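Okay, here's what each chain looks like letter by letter:
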Amino acid sequence: MTDGWRFVLYLHLLSMAFFVGGQLVFGLAVVPLMRGEGDRERLRAVARRFGYGSLAALLVLILTGWAMASHFQLWDSSTLRWKLALVALVIVLALSHLRYPKLHALQGAILLASLVIVWLGLELATGGG
Ligand code: HEM
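Comments concerning the environment of Ser70
- With respect to the helices, strands and loops of the structure, Ser70 is situated in helix 2 (residues 40-71).
- Residue Ser70 is classed as exposed on the basis of its C-beta count, with 10 C-beta atoms lying within 10 Å.

Looking at the site of the ligand
- Taken together, 24 residues lie around the ligand, and Leu61, Gly65, Met68, Gly121 and Ala125 are the ones closest in.
- Residue assignment for the shell around the ligand shows that the elements contributing at least two residues are helix 1 (3-33), helix 2, helix 3 (78-99) and helix 4 (104-125).
- By residue number, the principal contributor to the shell around the ligand is helix 4, which donates 7 residues.
- Across the shell around the ligand, the residue classes tally to 19 nonpolar, 4 polar and 1 charged.

Some points on the packing of helix 1 against helix 2
- In the contact formed by helix 1 and helix 2, the axes pass within 8 Å of each other and the chain directions differ by 150 degrees. Overall, the two elements helix 1 and helix 2 adopt an arrangement that is roughly antiparallel. Relative to helix 2, the crossing made by helix 1 is left-handed.

Remarks on unusual backbone geometry
- In this model, Gln73 sits at a positive phi of 50 degrees, which is unusual for a non-glycine residue.
- By the element assignment, Gln73 lies in the loop between helix 2 and helix 3.
- According to the C-beta neighbour criterion, Gln73 is exposed, with 8 such atoms within 10 Å.

Points about the environment of Ala125
- Residue placement: Ala125 occurs in helix 4.
- The sequence separation of Ala125 and Val20 amounts to 105 residues, and the corresponding C-alpha distance is 18 Å.

Thresholds applied
- The residue count restarts for each chain, going from 1 along the sequence in the order it is written.
- Confidence filtering applies because this is a predicted model: local features only for residues at pLDDT of at least 70, side-chain atom pairs given and counted only at 80 or more, and all residues used for totals across whole chains, interfaces and linings.
- Numbering of helices and strands runs from the N terminus, with a helix taken as a DSSP run of H or I at least four residues long and a strand as a DSSP run of E at least two residues long.
- Field definition: a residue is buried when 20 or more other C-beta atoms are found within 10 Å of its C-beta, exposed when 12 or fewer are, and partly exposed for counts in between, with C-beta atoms placed from the backbone.
- Using a C-beta atom placed from the backbone, a residue is described as near a molecule or strand when that atom lies within 6 Å of it.
- In this classification, Asp, Glu, Lys and Arg are treated as charged, Ala, Val, Leu, Ile, Met, Phe, Trp, Tyr, Cys and Pro as nonpolar, and every other residue, Gly included, as polar.
- Between N-to-C directions, angles cover 0 to 180 degrees, with each direction set by a line fitted to C-alpha atoms, over the stretch in contact for helices.
- The scheme is simple: roughly parallel for angles under 35 degrees, roughly antiparallel for over 145, roughly perpendicular for 65 to 115, oblique for anything else.
- Here a crossing is called left-handed whenever its near helix is offset anticlockwise from the far helix by less than a right angle, and right-handed whenever the offset is clockwise.

The structure is reproduced here in structure tokens:
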């Protein structure tokens, strides 16, 4: 792999770390500790900032992923197709979450789908299909 493509993969992984790590920190630390009445406004502000960051990370994931899939000729891979289907699902769930912010099951589903996407990414990179 040339340095240029390694850099594209680096950006993909950095965005993956933000996208998945952010959900874990938000769900395990921020929300449980800022649930109180007095914190509601601040929690909402943190959630908004986190949402914009996640959206940016998702855009970078899609752009860099698209570029790598084309360069490494992976569009026929069934693993990539499953991965794309789950990315589409995450986008639908995230939009539903904006519409129904109190439905916590949506956040759990987004995290679960993201973790499966990471697994499929590893399988793609190590040539598992
Ligand atoms: C939430 C979105 C995504 C996450 C969390 C994610 C995560 C990952 C991870 C963890 C890897 C493994 C990299 C390695 O071990 O070296 C990977 C590889 C890869 N991803 Fe993604 N990805 C996402 C979206 C996408 C999208 C939208 C595409 C395509 C349009 C894509 C295409 C690829 C390709 C082609 C590879 C393999 C690169 C190689 O062969 O070295 N990814 N991804």
